[in-house]
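# A structural walkthrough
Chain by chain, the residues run as shown.
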Protein chains: 2
Amino acid sequence: MRVYIQRYPVGVTMIGAQVAKIIESKNPDFPVGRRIVGYLGWRTHTIINPHRSSEYEFLSQKPTLVPDIGDLSPSLYLGILGMPGATAYFGLLEICKPKQGEVLVVSGAAGAVGSIVGQIGKHVFGLTVIGIAGSDEKCKWLVEELGFDHAINYKKDVEVALRKAVPKGIDCYFDNVGGDISSIVIYQMKPFGRVAVCGSISSYNADSSSLPKSTILQPSFVFNQLKMEGFVVTRWDNRFSEATKKNLQWIHEGKLRYRETITKGFDNMFDAFVGMLQGKSIGKAVVKV
Amino acid sequence: MRVYIQRYPVGVTMIGAQVAKIIESKNPDFPVGRRIVGYLGWRTHTIINPHRSSEYEFLSQKPTLVPDIGDLSPSLYLGILGMPGATAYFGLLEICKPKQGEVLVVSGAAGAVGSIVGQIGKHVFGLTVIGIAGSDEKCKWLVEELGFDHAINYKKDVEVALRKAVPKGIDCYFDNVGGDISSIVIYQMKPFGRVAVCGSISSYNADSSSLPKSTILQPSFVFNQLKMEGFVVTRWDNRFSEATKKNLQWIHEGKLRYRETITKGFDNMFDAFVGMLQGKSIGKAVVKV
C-alpha cells in the first residue's frame, strides 16, 4: 500500500481492501444484506458500480460477493482467504516450487502472508520451516501455535542462528523483507536454491533515488546457481479461486491457523497501518469500522 | 580462476584450460602430433592419463582431442569454441531466453564471454544489444566491429547513458560483473525481465567475509516481477558439443567475430592474468608458451 500509493496524486483515496455490507442496492446480483470484498479504499461508505472500471488500477479490480463460510469471520477474505492467502499459496507453489523434505526460510514470518507460507510449507509440503520475525512473542507463536520448526528474532544474530538451525543449508527462501537479512539467508542457500521475492519491507521507507545498500547477491548466485523471482499475485488472477478453496480446505483440516490483529474504529486506521509497518501486529492487520 | 583456486591448498597447480600438443604417447587414441584441450593448469609440460580422475575437481574434466578446424587457430578451443563460448551460448539461450526484438544488456561485454553473448543476441536472435565495457577502445570495437547497437564505458554515467540508449527499458541482462553496475541495469528492466548471472568480477578481490554492498535489488524484483538465475556452464556438460558446433557454424557464416589478446611466454602468465582482471585485454586472454 505504501509503495503503490506513491504512483497516485495526493488526495486520492488511500488504497485498501475492504469487506463491506451492502446496505442499499439497485443491482439484483448484489442484494442488500450480503457482503462484498474489493479494493474500495479507506472509506466508511462506498457507492460503487461493480461493472465500471476506475482510472486507478487498484480500484479497477471488481468487487465480488463474499461466500457463506459458516462460523468463520468474513474478514478472512482480507487475509487468509483473500489476497494475502493467494500470495502465500502461489508464491510458494509456483516460485519456490518446494519438494518434500526441503528446507524453507520465510522472512516477515508472523505477517499475513508469511505465517501462511510457513504453515503450507510445513503441514502441506512436509518441509523443514524456519521463520524470521521481529519479536520473541512472534517467534513463540510461530513455533508453538503454527508448528514452524524454528523461529529467529531478526533483532538477534540471524547468521549464526540460521547456521545452527539448518547447518546443511536452505533450499527455498520466501522473502518479504529484502535488504541485509535477505543477503544473510541467500548466502546460506544450497545449490539450485530458489528465492521468491514477495515484498521488500526493509526499503519501503526509502524513496527510489535513495534505496539502501546490502551485501551483493551475485557471488552466491553464481556459485550455487540460485534462482530468484519477484512476483505480484495478480499474475494468477485467473486461478485466484483455487487458492481460496485450498486455504479454506486446509483451515477445515486443521493445517492452517490464522490470527488477526483487530483495531476498532475508522479514525484509528492510520495508527493501525503505521503500527503494522512497525511490526506491532501479528497475522493480518484488520480495522473494524 | 581467482575464486575457484581459493578452495584449494597453497601450492596446488594454478587452474587453467590449455591447448597442448602431444609430444609423447602410449595411448593410440591420443597420437603424437595431435592437440588436446583440457584443464591442465599452468604448466609447460603435462604427463597425464586421460582416464584417471584427479582429486581436484577442476582437473577431473577429461582432456579431449582438438578437431581439425582448418585455418582457424586451435587456441579458439580456449575461447569461442571452448568453455567461454559454451557459457555465452547456454547462458543466453537457457537463462535469458531472449525473443526477437527484445533489448539485451551485457556487462563485461568486451570479454571472452560477453563479446560472444552480444553477437549471438544481435546476429542470431535479432535483439537490440547494449554492451557495457571498461574503455572507449573496447566500446568502439563492440559497435564498429561486432555490431552492437550501443556500448557504454562504465567509467562514465551508466544510468544516464542506458536510459538514453534504451528509454523503453531492458528485457534481458547478461551479468558478468555484479555490484553497482548491475543494480543500475536491473532498475531499468521491463516487467518480466530476465537476468543471467555468469560472473561477479566486481567482487573477486573481496574475501567472502567482506563482500561489497550495492543498492538492494528486491524492490525492482517485486514491482517488475523480474527473474535472476546464476549458472555455471558445467550444468550443460552433456550438451557442450552443441555449443561448439553452433559457434563454429556462426563463425563460418560471419555472424561471430572474435579477438584474442595474446601474451607470449610462460613467465608472463601471471602478468597476463592480472592484466585481464584489470581490464587490459580484449576478447579471450591467451598465453602462448
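These numbers were taken from a predicted model, which means no experiment stands behind them. (Residues numbered from 1 in each chain as written. Chains lettered and ligands numbered in written order. Predicted model: local features only at pLDDT ≥ 70, side-chain atom pairs only at ≥ 80, totals over all residues. Heavy atoms only, no water.)

### Topic: the UniProt feature "domain: Oxidoreductase N-terminal" (unreviewed entry) in chain A
Mapped onto the present numbering, the UniProt feature "domain: Oxidoreductase N-terminal" (unreviewed entry) falls at residues 3-51 of chain A. Strand forms 16% of residues 3-51 of chain A and helix 6%; the C-alpha atoms that close the span are 27 Å apart. (UniProt positions renumbered as here; feature names shortened; annotations may be inferred. Helix = DSSP H or I, 4+ residues; strand = E, 2+ residues; numbered from the N terminus.)

### Remarks on the sheet that holds strand 3 (residues 64-65) of chain B
Residue and element names in this part refer to chain B. Sheet architecture is open: three strands sit in the order 1-2-3, paired in antiparallel fashion. The sheet terminates laterally at strand 1 (18-21) and strand 3, the two strands that pair on one side only. As judged from the two bridges shared by strand 2 (residues 35-38) and strand 3, these two strands associate in the antiparallel manner. Counted as the bridge partner of isoleucine 36 is leucine 65 from strand 3. (Pairing = 2+ DSSP bridges.)

### Topic: the nonpolar core
Membership of the largest hydrophobic core comes to 47 residues, with the highest contact counts inside it found for Leu162, Ile186 and Met228 of chain A together with Leu162, Ile186 and Met228 of chain B. In this structure leucine 162 of chain A touches Val105, Ile130, Ile152, Ile170, Ile184, Val185 and Gln188 of chain A, once residues within four positions along its chain are discounted. If you look at the next biggest cluster of nonpolar residues, it comprises 46 residues, including Leu76, Tyr77, Ala109 and Phe174 of chain B. (Core = buried A, V, L, I, M, F, W, Y, C linked by side-chain atoms within 4.5 Å. Buried < 20%, exposed > 50% of the residue type's maximum accessible area, 1.4 Å probe, protein only. Contact = heavy atoms within 4.5 Å.)

### A look at the relation of the copies chain A and chain B
By a simple turn and slide, chain A fits onto chain B: the slide is 0.0 Å along the axis, the RMSD is 0.0 Å, and the turn is 180°. The symmetry that links the two subunits is that of a two-fold axis. Residue by residue, 100% of the interface of chain A is reproduced at the interface of chain B, so both copies engage with the same surface. (Least-squares fit on C-alpha atoms with pLDDT ≥ 70 in both.)

### What to know about the interface of chain A and chain B
Interface size is commonly expressed as the accessible area that is lost once the parts come together. The interface of chain A with chain B comprises 37 residues on the first partner and 37 residues on the second. Summing both sides of the interface, chain A and chain B together bury roughly 3,100 Å²; the carbon and sulfur share of this comes to 65%. Inspection of the chain A/chain B interface yields four salt bridges. Measuring nitrogen to oxygen at the nearest pair gives 3.3 Å for the salt bridge that ties lysine 213 of chain A to aspartate 180 of chain B. Where chain A touches chain B, the interface holds 14 residue pairs in polar contact (both at pLDDT 80 or more). Listing elements by their share of the side of chain A that touches chain B, those giving two or more residues are helix 1 (2-5), helix 6 (179-186), strand 8 (189-197), strand 9 (213-215), helix 7 (218-224) and strand 10 (227-230) of chain A. The element best represented in the side of chain A that touches chain B is helix 7 of chain A, accounting for five residues. Partitioned by chemical class, the residues of the side of chain A that touches chain B number 18 nonpolar, twelve polar and seven charged. Two strands pair when backbone bridges link them, and strand 10 of chain A and strand 10 (residues 227-230) of chain B are joined in this way by three bridges, in the antiparallel orientation. Bridge pairing links methionine 228 of chain A to methionine 228 of chain B in strand 10 of chain B. (Buried area = accessible area lost by both parts, 1.4 Å probe. Salt bridge = Lys/Arg side-chain N within 4 Å of Asp/Glu carboxyl O. Polar contact = N/O pair within 3.5 Å; in protein donor to acceptor, adjacent residues only side chain to side chain. Nonpolar A, V, L, I, M, F, W, Y, C, P; charged D, E, K, R; others polar.)

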